[in-house]
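Architecture and fold: a report
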Amino acid sequence: MPAAVEFRSVRSTEEAVASLSEHGSDACVIAGGTDVMMQYARHELSPAVFVHIEGIKELTNAQRDGSLRLGALVTHRHLADDPVIRTGHPALAEAAATVGGWQTQGVGTLGGNLCNASPAADTAPPLLVADATVELCGPRGIRRVPLEEFFLGRRHVDRRPEELLTGVEAAPLGPRQAEVYLKVGRRGGMVVAVAGLAARLSFDEQGVIAAARLAVCSVGPTPLRVRPAEEALLGLCPSGRMTDDGYTALEEAIAALSGAVSPIDDVRSSAAYRRAVLPRLLRRSVEVCRAAVRAGISQDDLS
Amino acid sequence: MTSVLGRRVTRSDAEAKVRGSADYGVDVVLPGMVYGALWRSPVPAARVVAIDSEAAWRVPGVLALITGADVDNHPTGLALCDQPLFGWPVVRYEGEPVAAVAAETPESLEKALDLLHVEFVERPAITDVTSALSPDAVLVHPDWASYASPSGAEWPREGNVVCELLSDPGGVGEVFSSAAHVVRDVYRADRQYQAYLEPHAAVAEYNSGRFTLHVAHQFPFNVRDRVAHALGVGASAVRVVGHHIGGGFGAKLDVALEPYAALLARATGRPVRMENSRSEDLMTAQCRESAVVTISSALSASGDMLGCEFDVVFDSGAYAIDAPYLASIPMFAVGSVYRVDRTRVRCRAVYTNTAPTGAFRGVSGTYLVFAVERHLDHVARELGLDRRELRLRHLRRNGEKMLNGQTLADADILRECFDRAEEVAPFSSLGKGPYRGVGMAACVWLTNPLAGSAVLKLNEDGTIGLVTGATDNGSGAVTMGLRQIAAEEFGIGASDVLVTMPDTDVAGYDAGSQGSRTTRVVGMAVIAAAAQVRERVLSIASDHFEAAAADLEVVDGGVQVRGVPSRRLTLAEVAKLAASNGGPITGAGSYSTPLPNYSPTCATGFLFPAFPTPTYHLHVAEVEVEPLVGTVRVLRYIVVQEVGRVVNPTGVVGQIQGGVAQGLGYALWEWLESEGGRYRQRTFESYGLPLSVDVPRVEVVTLEHGDSDSPHGAKGVGEPPIVPVAAAVANAVSDAIGAEVDAIPIRPEAILEALGPLGASEHRE
Ligand SMILES: Cc1cc2nc3c(=O)[nH]c(=O)nc-3n(C[C@H](O)[C@H](O)[C@H](O)COP(=O)(O)OP(=O)(O)OC[C@H]3O[C@@H](n4cnc5c(N)ncnc54)[C@H](O)[C@@H]3O)c2cc1C
């Protein structure tokens, strides 16, 4: 039987940090609670205090000012619906729209998704390909950590007990850039990713990939940016029909991707299946990005 | 008054269910009630060496702690007495009850369960049917030979084989040796969990030597008998009170928590409530059995099916439950829709160290029809024949017999099913385009014949009270159908028929909500009861009007002189007159469907010998495969179903839509993988039920060839719509990917493998 637990609602970041400093690792931050409450019910958590942060108004905003700044309490529904995010970060909006069901999206937060650090966190791959940085506020001030370094292991992040994740900063899409998030599930909704892949690709005038960001989830202990595969994509010129050169380059990227992941067998799928779909996702992501940039360019031409 | 039959009437429980005030089994709260739970085995096979309960007993609030050592742990069971109350001293599956505990609060209960210490010696577990059948297999029940059936029935069984059905008309070998073609397939199907909303629960009371059990159960009279047997008391010492059922689909036909709640109530002298957690429920519900089906056909050069070998091995789990009955179902899955001259059928139910399997809507039929219909598609492909043509060519005709010797007087309905489906969408027009496919599957299904009864009373305000032990498992069979049938007899609205909840002390016997029997069987009992009520009504009216009863009629909620509506008494007036003329008016009716003629010598081990009130079904599925990841989307789904008579269109369409949804889940998303005797999926997070977004609108065509011996012609409707679904979907997927599909569920893994390596798929687009 879990002992009685204190539930403390805070109204400001300072108040939250003060509470966290007071209780250290006996405290557990609770935002939307969609992960926390399940873990608590399964006796995986036994905090002395829940620090409830949903009432911190300043963390609920999404602002675009050059880069995108998302408060930790921005919900999945907000990410999915906000026109600024849908245009500047379509992969993030798509990812958020696939998180759980309507109710989960309504209360589940971005900060919770990242701090929970599930291998299947859907917002992680799109943010990884947007070079995101997380902002942590502690008693001694603000600390910024690249998202890529924030994930240390399954359910384990680079956050000190007294720190609150306050926001995320991410680079929006640039010209001749496109991105996509592809999530594999078994049924049509309410699925934890069997595998997920985000790609953000830049193309030059000739349609050659000039910059590439790739990230995956559910194929290893943490969401992961796959740099070797990104490098292999550079110089690739994907067209309707892959040229031999293009195809070889993709094969290299696929090999690099396969080498970087460590999928397992679990209740949702087999490691073999995860390995089988990844190359297909990569290939589809290149096609989708290429088509999106083309469509974007022809739109620009028209206007 | 126009007929209430065929109309959309409101369920009697609609408002309560919509408002959330309906009282389900889990809602029962009694004064002084305490809490009970089971300590379940964490391992699939073991010998219990010692149970140390001292620490558990010391937890404040603990009231009772019962193990196999404290009770007469004699084995009992539905079909075979092989299941003791407690896994003691031998544990045969993960989740088997080892001890039952009761405490004042859920908190002390949980603490006591934590502190109960059970010492095991683990034993090698038999976890799949193949190893169970191997000649040197460890026996799950070394004492199998000592077990008896509660009914005294006997059948071939030995070692790990719980039941063997064998039907061999002779000459099958000869047909195969002279055949132009032989096609052989092996199909596999995994388990399926019934996945109702309300988990198993029970509240028990013990007073003056009698038990009262509050349950939400499909078969209260079976609970009465099974609890009485397990506790060694007479059936009349147990009263079972039914509450609204949050779904059952077959998993609430046998007992689960009821005997333990009764034991704990007796031990504590307090009402005891027990409820499975979702994981406990999933782990221990008698889910649909996994199976391996081998089917071979001997064919002529032109593709006539001359002979068939049908071999089924299914996993009964650690206990028999109803497996000895289910072992007969293969006799109706092959040779019923399609004519085959000589067919040999063998079915073996096998013990393993896994959770016992049992009844699930469409018992065994789902994977048997899957095997038969997949095999037909394979045959068609092998011989270059049109799939629909091949089927039409072999369809049974009126008067032909099934393998059990039972005549299908109306089998031509099958052809009508095929014609009507073609009218909705020509088969050859569906499944066009890359990665799209179409499949069809047909079956014959039964309406369960087992007994039921009803008492009708004419209430003093002219309404009709319907007292029955029949249960409404959500289908509306009682809350709509039986009320409509009763209302029809008096020309009143269904809202003027008030129906009781089941109570074994109050109502006559009822064989439970199973096999689509309630409307058909209990409907007949209602009509018989109504006849008695009407007779009294006519006799009282005849005294009143001084007219011959033959000149009177019961219409529009009253009785009147034929053709003279002005000389009329309302039913309420008749009820008042009855007080001084023979007393209150009641009528009682009982019914069970006579078994059709069959040939008792057609098979050995044949405990389920006929398919009474047969119905006919054709399903057509159109699917699209996503080649990128191997998932399947169902684009169109067409059902043509013979129902006899639509009593309530909402009920009929709802049952068909629901059956298809559940069948799609079985075919595509509901994985219940067993690994070393343990399920991998243990919650709804990983056990993937279909969502509304996954299920297309089902296009339903009902055929109404009324059965002259059924209430207004109505036949069973609710069970069969799940039966052909996996078969139709698998055929459609196979058509879409141009490769065989030989396992249920159809996994994206298998589809990707069939589609071949990356790149190959692209060329097909
Ligand atoms: C039915 C259901 C379906 C789901 N489906 C998906 C899915 O498809 N994809 C997916 O990715 N997730 C899914 N989830 C998980 C969950 O909804 C998301 O991870 C969600 O974003 C968590 O946010 P939250 O606000 O509810 O976090 P909480 O549960 O409140 O917190 C999660 C973790 O983060 C910590 N935390 C939260 N906010 C902060 C902060 N600002 N600073 C420091 N620590 C913090 C908490 O202490 C806790 O450890 C699902 C959950 C449910 C219940």
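Definitions and limits used
Residues numbered from 1 in each chain as written. Chains lettered and ligands numbered in written order. Predicted model: local features only at pLDDT ≥ 70, side-chain atom pairs only at ≥ 80, totals over all residues. Heavy atoms only, no water. Helix = DSSP H or I, 4+ residues; strand = E, 2+ residues; numbered from the N terminus. Rg over C-alpha atoms; globule rule 2.2 N^0.38 Å. Buried < 20%, exposed > 50% of the residue type's maximum accessible area, 1.4 Å probe, protein only. Core = buried A, V, L, I, M, F, W, Y, C linked by side-chain atoms within 4.5 Å. Contact = heavy atoms within 4.5 Å. Polar contact = N/O pair within 3.5 Å; in protein donor to acceptor, adjacent residues only side chain to side chain. pLDDT = per-residue confidence, 0-100. Domains from an automatic or database assignment. Pairing = 2+ DSSP bridges. Near = heavy atom within 4 Å. Areas by Shrake-Rupley, 256 points an atom, 1.4 Å probe, with all protein chains shown as cover. Nonpolar A, V, L, I, M, F, W, Y, C, P; charged D, E, K, R; others polar. Axes fitted to C-alpha atoms, helices over the stretch in contact; angles between N-to-C directions. Phe/Tyr/Trp six-rings, centres within 6.5 Å; stacked < 30°, edge-to-face > 60°. Lys NZ or Arg CZ within 6 Å of the ring centre and 35° of its normal. Parallel < 35°, antiparallel > 145°, perpendicular 65-115°, else oblique. Left-handed = near helix turned anticlockwise from the far one by under 90°. Salt bridge = Lys/Arg side-chain N within 4 Å of Asp/Glu carboxyl O. Lys, Arg positive; Asp, Glu negative; His and termini not counted.

What follows covers the overall build of chain B. Summing up its helical and strand segments, chain B has 20 helices and 31 strands in all. In terms of C-alpha radius of gyration, chain B reaches 27 Å, essentially the compact-globule figure of 27 Å for 765 residues. With respect to the three principal axes, the spread of C-alpha positions in chain B is 85 × 75 × 50 Å. Buried positions account for 63% of the 765 residues belonging to chain B.

This brings us to the nonpolar core. Core analysis: the largest hydrophobic core is formed by 171 residues, its most contacted members being A:L233, A:L282, B:F314, B:Y637, B:V729 and B:V733. Counting 43 residues, the second largest nonpolar core, distinct from the first, contains B:V4, B:A525, B:V537 and B:V574.

All names here are of chain B. Here T447 lies in the loop between β18 (436-445) and β19 (452-458). Judged by relative accessible area, which is 0%, T447 ranks as buried. T447 has contacts with G515, S516, R517, R520, P612, T613, T615, K715 and G716, leaving out every residue within four places of it along the chain. Separated by 2.8 Å, the side chain of T447 and the backbone oxygen of T613 make a polar contact.

Here chain B averages 97 in pLDDT, while 99% of its residues score no lower than 70. Model confidence for the complex: the whole-complex pTM is 0.96, and ipTM, which rates the interface, is 0.92.

Further remarks concern the domain arrangement of chain A. As far as domains go, chain A holds domain 1 (6-52), domain 2 (57-170) and domain 3 (177-301). Centre-to-centre separation of domain 1 of chain A and domain 3 of chain A, based on C-alpha positions: 37 Å.

Within a regular strand, the side chains alternate between the two sheet faces. All names here are of chain A. Summarising the sheet, strand β4 (residues 62-65) and strand β5 (residues 67-71) pair through four bridges and their orientation is antiparallel. Residue R64 lies in a different strand from β5, and its bridge partner there is L68. Hairpin connection from β4 to β5: one residue lie between these consecutive antiparallel strands, with G66 at a positive phi of about 75 degrees. Judged from the four bridges that link them, β5 and strand β10 (residues 164-170) form a sheet pairing that is antiparallel. Following the sheet pairing, R69 is matched in β10 by E169.

A separate point is the site of the ligand. Residue and element names in this part refer to chain A. In the vicinity of the ligand lie 33 residues, with V29, T34, D35, H76 and T109 positioned nearest. The backbone of G100 places a nitrogen or oxygen atom 3.1 Å from an oxygen atom of the ligand. The protein chains hide 88% of the 980 Å² of surface that the ligand would expose on its own. Every element with two or more residues in the shell around the ligand is listed here: β2 (27-30), α6 (102-107), α7 (110-116) and β10. Here the element with the most residues in the shell around the ligand is α7; it accounts for five residues. Split by residue class, the shell around the ligand holds 16 nonpolar, 13 polar and four charged.

Moving on to the environment of B:A529. Residue and element names in this part refer to chain B. Inspection of the secondary structure assignment puts A529 in helix α15 (residues 518-545). In this structure A529 comes out as buried when scored by relative accessible area, which is 0%. Spatially, the C-alpha atoms of A529 and V564 are 27 Å apart, while their sequence positions differ by 35 residues. If near-sequence neighbours (up to four positions away) are discounted, A529 is found in contact with A454, L456, G587, A588 and G589.

All names here are of chain B. Read across the sheet, four strands follow the order β21-β20-β19-β25 without closing on themselves; strand pairing throughout is mixed. The outermost strands of the open sheet, each flanked by one partner alone, are β21 (497-499) and β25 (586-591). On average, each strand axis in the sheet is inclined to that of its neighbour by 20 degrees, with strand direction left out of account. The pairing of β19 with β25 spans six bridges and is antiparallel. Residue pairing in the sheet places L456 in a bridge with G587 of β25. Its contacts with the sheet put helix α14 (residues 477-490) on β19, β20 (464-467) and β21, and the angle it makes with β21 is roughly 140 degrees. Contacting β19, β20 and β25, α15 runs over the sheet at an angle of about 150 degrees to β25.

Within this structure, the stated rule accounts for 17 aromatic pairs over all chains. Ring geometry for B:F86 versus B:Y260: centroids 5.4 Å apart, planes at 70 degrees, classification edge-to-face. Of this pair, B:F86 sits in the loop between β3 (62-67) and β4 (90-91) while B:Y260 is found in helix α7 (residues 258-268), placing the two residues 174 residues apart along the sequence. Each of the two residues, B:F86 as well as B:Y260, counts as buried. Between B:F219 and B:Y509, the ring centres sit 6.4 Å apart and the planes meet at 75 degrees, which makes this aromatic pair edge-to-face. One end of the pair, B:F219, is in the loop between β10 (210-215) and α6 (220-231); the other, B:Y509, is in the loop between β21 and α15, with 290 residues separating them in the sequence. The class for B:F219 is buried, based on a relative accessible area of 9%. What links up through ring pairs into an aromatic cluster is the set B:F332, B:W445, B:F606, B:F608 and B:F611. For the cation-ring pair, A:R186 lies above B:W671, with the distance from its terminal atom to the ring centre recorded as 3.9 Å. Across from the ring centre of B:W671, 4.2 Å away, lies the NZ or CZ of B:R747, which sits over that ring.

With that settled, the discussion passes to the packing of α6(B) against α7(B). To characterise two packed helices, one gives the angle between the axes of the helices and the distance between these axes. Residue and element names in this part refer to chain B. α7 packs onto α6 with a crossing angle of 55 degrees between their chain directions and a minimal axis gap of 9 Å. Classified by the angle their axes make, α6 and α7 are oblique. Note that α6 runs across α7; the crossing there is right-handed. Touching V223, V227 and L231 of α6 are E258, P259, A262 and L263, all from α7. Looking at side-chain class alone, the contact of α6 with α7 contains six nonpolar, no polar and one charged residues.

Here the focus is the packing of α15(B) against helix α16 (residues 571-578) of chain B. Residues and elements named next belong to chain B. Interhelical geometry of α15 versus α16 gives an angle of 80 degrees and a closest axis separation of 10 Å. Compared by their axis directions, α15 and α16 come out roughly perpendicular. Side by side, α15 and α16 meet where R536, V537, I540 and H544 of the first sit next to L571, V574, L577 and A578 of the second. Its residues assigned to classes, the contact of α15 with α16 shows six nonpolar, one polar and one charged.

This brings us to the pattern of salt bridges. Pairs can form between side chains of opposite charge once their charged atoms are near each other. Residues and elements named next belong to chain A. Inspection of the entire model under this criterion finds 67 salt bridges over all chains. One salt bridge connects E287 with R284, and the closest N-O pair in it is separated by 3.6 Å. Note that E287 and R284 are positioned in helix α12 (residues 271-302) at a spacing of three residues, about one turn of the helix. Owing to a relative accessible area of 23%, R284 belongs among the partly exposed residues under this scheme.

Residue and element names in this part refer to chain B. One can find E198 in the loop between β8 (181-189) and β9 (201-207). Within the buried set, E198 has no salt-bridge partner at all; the shortest N-O distance to an opposite charge, 4.1 Å, is to K252. Within polar-contact distance, the side chain of E198 engages the backbone nitrogen of V26 at 2.8 Å.

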